[in-house]
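# Examining the three-dimensional arrangement
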Amino acid sequence: MRDDTKAVHAGRHPESFEGAVNPPVFHASTILAGSLAEWERKKADRAMDAPGTYYGRLGTPTTRALEEALSTLEGGHRTVLLPSGLAACGVALLAFAEPGAHVLVPDSVYGPTRIFATRFLKRFGVEATFYDPLVAAGIAELLRPNTKVIYLESPGSLTFEVQDVRAVCEIARRRGMVTMMDNTWATPLYFKPLAHGVDLSIQAATKYVVGHSDAMLGVVTVTKEAWPKLRSAYFELGQCAAPDDVYLAQRGLRTMAVRLKRHWQTGVRLAEWIAAQPEVERVLHPALPGDPGHGLWKRDFAGASGLFGVQLKPVQRTAFAAFVDGLELFGLGAS
Ligand SMILES: Cc1ncc(COP(=O)(O)O)c(C=O)c1O
């Protein structure tokens, strides 16, 4: 099955819901067992990591459906859903960092992830070093005996450097380090971190999976080997996602392949037009042939989403404000 077909069908089990195409939204905290024997069986299943329902925080058929769909698209063993993309970045890091450990984070990482690493992880005795996202195999020189995690994000936030994920992961694997990658920009439709050697794939599903600016959601999909540690951090930190938001994400996923194609086309058209304007110094978009990351993008990615950067030539603030305030279709906001 092609990915766009999987995006429509994965995780659907109409036979479990009287034929309804989409799994219903389960609002649940308490989930009752009919007898002591059933209660004990559910607890035993739980200990064995079976995906049944036992207590709301630990998942419902609504969450299982989206987890299954995303695991299928990412080619991963299991997926967990969190209340935001940033929660997904933080829990993934916490699952593998420990006191005295060193983690490597790209300099182009999403700002709040950087703050998480420099403030929160530091309080727990974890040291973060920020590396040049273009380092590739040169990452070997930055490793220390206590390096536990190499974090990646590609393209980088705001500056859009494309990382040589394969080169970094090969070295990490040889040296026994865990790799995790923020894959929000490409989504598993356009880049598959696990197939490139990454152990944990992270997404702010708030963006392209949800797709309609109406819910917050984070996702981490892992290999079988990385699952036990992620599972333990996820459950011990009491993470879970709200049922309506999970439903919206699942609904968004069904059209994601179609939407992303249009994002790609429109983004490139806009980027090319903007690049030709006299006020523009540089457009940062790896799908443009002149972009420094274009070669790697072409080698590794199956497409581009719609997010890119623009660097203007020096300009008066009043002129810049007039430009922004004069936009009719583009809003001023974070997404
Ligand atoms: C690359 C990237 N990672 C993570 C996040 C965080 O996601 P959320 O806003 O859902 O916490 C964002 C949000 O902008 C992002 O762009």
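Refer to the structure presented above.
What this report covers is the structure whose coordinates are included nearby. (Residues numbered from 1 in each chain as written. Predicted model: local features only at pLDDT ≥ 70, side-chain atom pairs only at ≥ 80, totals over all residues. Heavy atoms only, no water.)

### Comments concerning a nonpolar patch on the surface
The grouping of Leu270, Val310, Leu312, Val315, Phe320, Phe323, Leu327, Leu329 and Phe330 at the surface amounts to a nonpolar patch, some 840 Å² of accessible area in total. Those elements that place two or more of their residues in the nonpolar patch are β9 (309-312) and α11 (317-326). With respect to the helices and strands, Leu327 occurs in the segment after α11. (Patch = residues over 30% accessible without salt bridge, like charges linked within 9 Å, V, L, I, M, F, W, Y side chains within 5 Å. Areas by Shrake-Rupley, 256 points an atom, 1.4 Å probe, with all protein chains shown as cover. Salt bridge = Lys/Arg side-chain N within 4 Å of Asp/Glu carboxyl O. Helix = DSSP H or I, 4+ residues; strand = E, 2+ residues; numbered from the N terminus.)

### Some words on the pattern of salt bridges
On inspection of all chains with the given rule, the structure shows 17 salt bridges. Asp4 is the salt-bridge partner of Arg2, the closest N and O atoms lying 2.7 Å from each other. By relative accessible area, Arg2 is classed as exposed at 57%. Asp4 gets classed as partly exposed once you look at its relative accessible area, which sits at 23%. Connected through salt bridges with shared partners, the residues Asp164, Arg166, Arg299 and Asp300 form a single ionic network. (Buried < 20%, exposed > 50% of the residue type's maximum accessible area, 1.4 Å probe, protein only.)

### Topic: the packing of helix α4 (residues 85-96) against helix α8 (residues 227-236)
Look at α4 against α8: their axes get within 8 Å of each other, and the N-to-C directions meet at 120°. Regarding the angle of α4 to α8, the classification is oblique. Note that α4 runs across α8; the crossing there is right-handed. For the pair α4 and α8, the contacting residues are Val91, Ala92, Ala95 and Phe96 in the first and Lys229, Leu230, Ala233 and Tyr234 in the second. (Axes fitted to C-alpha atoms, helices over the stretch in contact; angles between N-to-C directions. Parallel < 35°, antiparallel > 145°, perpendicular 65-115°, else oblique. Left-handed = near helix turned anticlockwise from the far one by under 90°. Contact = heavy atoms within 4.5 Å.)

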